[in-house]
Amino acid sequence: MDKGTVHWRGRLEGCSGYSVEGRSFVRVLRRAGYRVQAVSVPPRPDNGSGQGTDGIQRSGSGLTIVHLPWHDYGWEDLAGQVVWRAMFETASVPPEWLQRLTEVDEVWVPSSFNARTFADAGVDPEKIVVVPEFMDQGWPKKSAEGYTGQGRFKFLSIFRWQKRKGWDVLLQAYLEEFTADDDVELLLRVDPFGPLTADIGSCITSLTRRFRPYRPPKVTLLPYPLSQQDMQKLYASAHAFVLPTRGESWGRPFMEAMASGLITIGTAWGGQLDFMNFNNALLIDYELAKVPESAAVEWPFFRGQVWAEPSVASVGDCLRRAYQGGPAIERLRANAAVSMRDHYARGQAGEAIIREVGRLADGPRRAAVGNRDGGA
């Protein structure tokens, strides 16, 4: 049944979180009967360090969902009601975003974490709607097997090489916790964060010389993008996933790792706490801290913000507990897979965006929308 047209502006190509999420949402809406006119907008070549575009421009009627950062191109000639699918990883949002946030009709965020941080920054809570991410149908094709004590224990981490992801904390904790005498391996499937990213291999070598100059544990760098099928195989080949992130709006790799049956280790602050807890994951201690200038140089919109600073000692303890295993760790692993299947499979969580699009497509925006939680 044809339910009408939805205009979608976003990054739909590549392997970024924006791209994977955008493609998933577009597929779900099309299967639900909407004609989705999707326009893929590539990232700005300056990696967001330039100024944002002018105020939004509307023409005609209908519904447009803009799934882009404030500073990207793609905000021109929007049709009808405008929804911004927005997210930010710190305790607030950049001041530059606030004008744009007042111009759109609604703001759809992925997590209760962002619902709080956007409201705390001054965004009208009645404009904020929580629309969670979800797993694509068929994920995972193959689940990881628990560690039996035989062979090398493999830790996996997947991220872009920026300060926010806590790669420095991860490597320090891993190198201080283990030596070559431990049968462990850290797999790093990483991409550079823009053209100015330092040489990743050199960074790993430098930290190894600093924290474990003699007989370091094995670290394997996987610097090339993988297809979804190969990513699923990578998850299935590991025993634990770890990411001591300093801030996430949602944390898709955590969700994929949990669905794949991995022991999952993540920071106890951020959007991932919508689905990670002490019953299904190992959570890292942290303190809130001001974003350092080195991170603001990477991403100027972080300047003046606050995020989590994960504890190196806590990361090391979580790594050791995962490696040692035992009944309690196995329960976490099993609970993680069940929680993903029961709450974040496409059939359950995917209904949130269908419901919210249907609400807006039915007529003018309702008064007093409120901070609805679209989670399952």
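The text that follows walks through the structure, step by step, so that each part is easy to find. (Residues numbered from 1 in each chain as written. Predicted model: local features only at pLDDT ≥ 70, side-chain atom pairs only at ≥ 80, totals over all residues. Heavy atoms only, no water.)

**Quick look at the overall build of the protein**
Test applied: Runs of E in the DSSP output that reach at least two residues are strands. Runs of H or I that reach at least four are helices, and both are numbered from the N terminus. C-alpha atoms define the radius of gyration, and 2.2 Å times the number of residues to the power 0.38 defines the globule rule. Relative accessible area decides the class of each residue, using a 1.4 Å probe on protein chains only: under 20% of the type maximum gives buried, over 50% gives exposed, and in between gives partly exposed. Each accessible area is a Shrake-Rupley estimate made with a 1.4 Å probe; only the visible protein chains count as cover when residues are assessed. When charges are counted, Lys and Arg contribute as positive and Asp and Glu as negative, whereas His and the chain ends are disregarded. Taken as the charge centre is NZ of Lys, CZ of Arg, CG of Asp or CD of Glu, depending on the residue.
Along the protein, the regular secondary structure elements total 12 helices and 15 strands. Over its C-alpha trace the protein gives a radius of gyration of 21 Å, about what one expects of a compact globule, namely 21 Å for 376 residues. Dimensions of the protein, computed from C-alpha atoms along their principal axes, come out at roughly 65 × 40 × 35 Å. Per-residue burial for the protein yields a buried fraction of 55% across its 376 residues. Accessible surface, the protein as shown: approximately 16,000 Å² in total, 50% of it carbon and sulfur. Between the centroid of the 44 positive side chains of the protein and the centroid of its 44 negative side chains there is a distance of 4 Å.

**Regarding the side chain of Asn 114**
Our working definition: Any pair of N or O atoms that falls within 3.5 Å is considered a polar contact. Within protein, one atom must be able to donate a hydrogen and the other to accept it, and sequence-neighbouring residues count only if both atoms are side-chain atoms. Note on definitions: a residue-residue contact is assigned when non-hydrogen atoms from the two residues lie within 4.5 Å.
Mapped onto the elements of the fold, Asn 114 is located in helix H3 (residues 112–120). Residue Asn 114 is classed as buried on the basis of its relative accessible area of 0%. Within polar-contact distance, the side chain of Asn 114 engages the side chain of Thr 117 at 3.2 Å. Beyond its immediate stretch of four places on either side in the chain, Asn 114 contacts Ala 86, Met 87, Phe 88, Val 109 and Ser 249.

**Some points on the pairing of strand E9 (residues 218–222)**
As a reminder, the rule being used: Any two strands with at least two DSSP-identified bridges between them are counted as paired. Whether a crossover is right-handed depends on one test, that the path from the first strand over the helix to the second runs clockwise when the strands point away from the viewer.
Examined bridge by bridge, strand E8 (residues 184–192) and E9 share 5 bridges and lie parallel to one another. Paired with Glu 185 across the strands is Lys 218, a residue of E9. Since E8 and E9 lie parallel, the crossover through helix H5 (residues 200–211) that links them has a hand, and here it is right-handed.

**What about unusual backbone geometry?**
Positive phi values are uncommon outside glycine, yet Asp 77 reaches one of about 50°. Of note, Asp 77 is situated in the loop between strand E3 (63–67) and strand E4 (81–85). Given a relative accessible area of 51%, Asp 77 falls into the exposed group. Located in the positive-phi region is Arg 215, a residue other than glycine, with phi close to 50°.

**Let's talk about the environment of Val 219**
Assignment of secondary structure puts Val 219 in strand E9. Taking relative accessible area as the criterion, Val 219 reaches 23% and is therefore assigned partly exposed. When the C-alpha positions of Val 219 and Ile 204 are compared, they lie 8.5 Å apart, and in sequence the two are 15 residues distant. Once you skip the residues sitting within four places of it in the chain, Val 219 turns out to touch Tyr 174, Leu 186, Leu 188 and Ile 204.

**With respect to the sheet that holds strand E7 (residues 153–161)**
How we decide: Only the contacting stretch of a helix is used when fitting its axis, a line to C-alpha atoms as for every element, and angles between N-to-C directions run 0 to 180 degrees.
Read from one edge of the open sheet, 6 strands run E9-E8-E7-E10-E11-E12, paired in parallel fashion. One side of each edge strand has no neighbouring strand; the edge strands of this open sheet are E9 and strand E12 (282–284). Taken over all neighbouring pairs, the strand axes of this sheet differ in orientation by 20° on average, direction set aside. Taken together, the 9 bridges between E7 and E8 define a ladder with parallel strand orientation. The residue bridging Ile 158 from the neighbouring strand is Arg 189, located in E8. The strands touched by helix H6 (residues 228–237) are E7, E8, E9 and strand E10 (240–243); relative to E7, the strand with the most contacts, the crossing angle is about 140°.

**Points about the packing of aromatic side chains**
Operational definition: Two rings belonging to Phe, Tyr or Trp (six-membered ring only in the last case) form a pair when the distance between their centres is within 6.5 Å. Interplanar angles under 30 degrees mark stacking, angles over 60 mark edge-to-face geometry, and anything in between is tilted.
This model, assessed by the stated rule, comprises 28 aromatic pairs. The interplanar angle of 90° and the centroid separation of 5.7 Å between the aromatic rings of Phe 178 and Tyr 323 together place this pair among those described as edge-to-face. Residue Phe 178 is located in the loop between helix H4 (167–177) and E8, and its partner Tyr 323 is located in helix H9 (residues 312–324); the two are separated by 145 residues in the primary sequence. Residue classification places Phe 178 among the buried residues on the basis of a relative accessible area of 0%. An aromatic cluster of three or more residues is present, and its members are Trp 70, Trp 75, Trp 84, Phe 88, Trp 97, Phe 193, Trp 299, Phe 301, Phe 302 and Trp 307.

**Focus on a nonpolar patch on the surface**
Selection criterion: Two distance rules govern patches: like charges are joined within 9 Å, and nonpolar side chains (Val, Leu, Ile, Met, Phe, Trp, Tyr) within 5 Å, applied only to residues with over 30% relative accessible area and no salt bridge. Here, a salt bridge means any Lys or Arg side-chain nitrogen found within 4 Å of an Asp or Glu carboxyl oxygen.
On the surface, Tyr 286, Leu 288 and Val 306 cluster together into a nonpolar patch covering about 240 Å² of accessible area. If you trace the backbone, Leu 288 turns up in strand E13 (residues 286–290).

**Comments concerning the nonpolar core**
Where we set the bar: As used in this record, nonpolar core signifies buried Ala, Val, Leu, Ile, Met, Phe, Trp, Tyr and Cys residues forming a set joined through side-chain atoms within 4.5 Å.
Judged by nonpolar contacts, the single largest core of 61 residues is most densely connected at Phe 155, Trp 161, Tyr 235, Phe 241, Phe 275 and Leu 319. At 7 residues, H4 tops the list of elements feeding residues into this core. Residue contacts for Tyr 235: discarding those within four places in its chain leaves Trp 139, Ala 144, Leu 156, Ile 158, Phe 241, Pro 253, Glu 256, Ala 257, Ser 260 and Leu 262. In terms of nonpolar packing, the next biggest core, distinct from the first, is built from 33 residues, Trp 70, Val 109, Trp 307 and Ala 308 among them.

**Quick look at the packing of H4 against H5**
Spelled out, the test is: Comment on the angle field: the value is read as roughly parallel under 35 degrees, roughly antiparallel over 145, roughly perpendicular from 65 to 115, and oblique elsewhere. In a left-handed crossing the near helix is turned counterclockwise from the far helix by less than a right angle, and in a right-handed crossing that turn is clockwise. Side-chain classes follow a simple rule in which Ala, Val, Leu, Ile, Met, Phe, Trp, Tyr, Cys and Pro form the nonpolar group, Asp, Glu, Lys and Arg form the charged group, and the remainder, Gly included, forms the polar group.
Where H4 contacts H5, the two axes come as close as 10 Å, and the packing angle between them is 40°. Put simply, H4 runs oblique to H5. In this structure, the crossing between H4 and H5 has a hand that is right-handed. Along the contact surface, H4 presents Trp 167, Asp 168, Leu 171, Gln 172, Leu 175 and Glu 176, while H5 presents Cys 203, Ile 204, Leu 207, Thr 208 and Phe 211. Broken down by class, the residue content of the contact of H4 with H5 amounts to 7 nonpolar, 2 polar and 2 charged.

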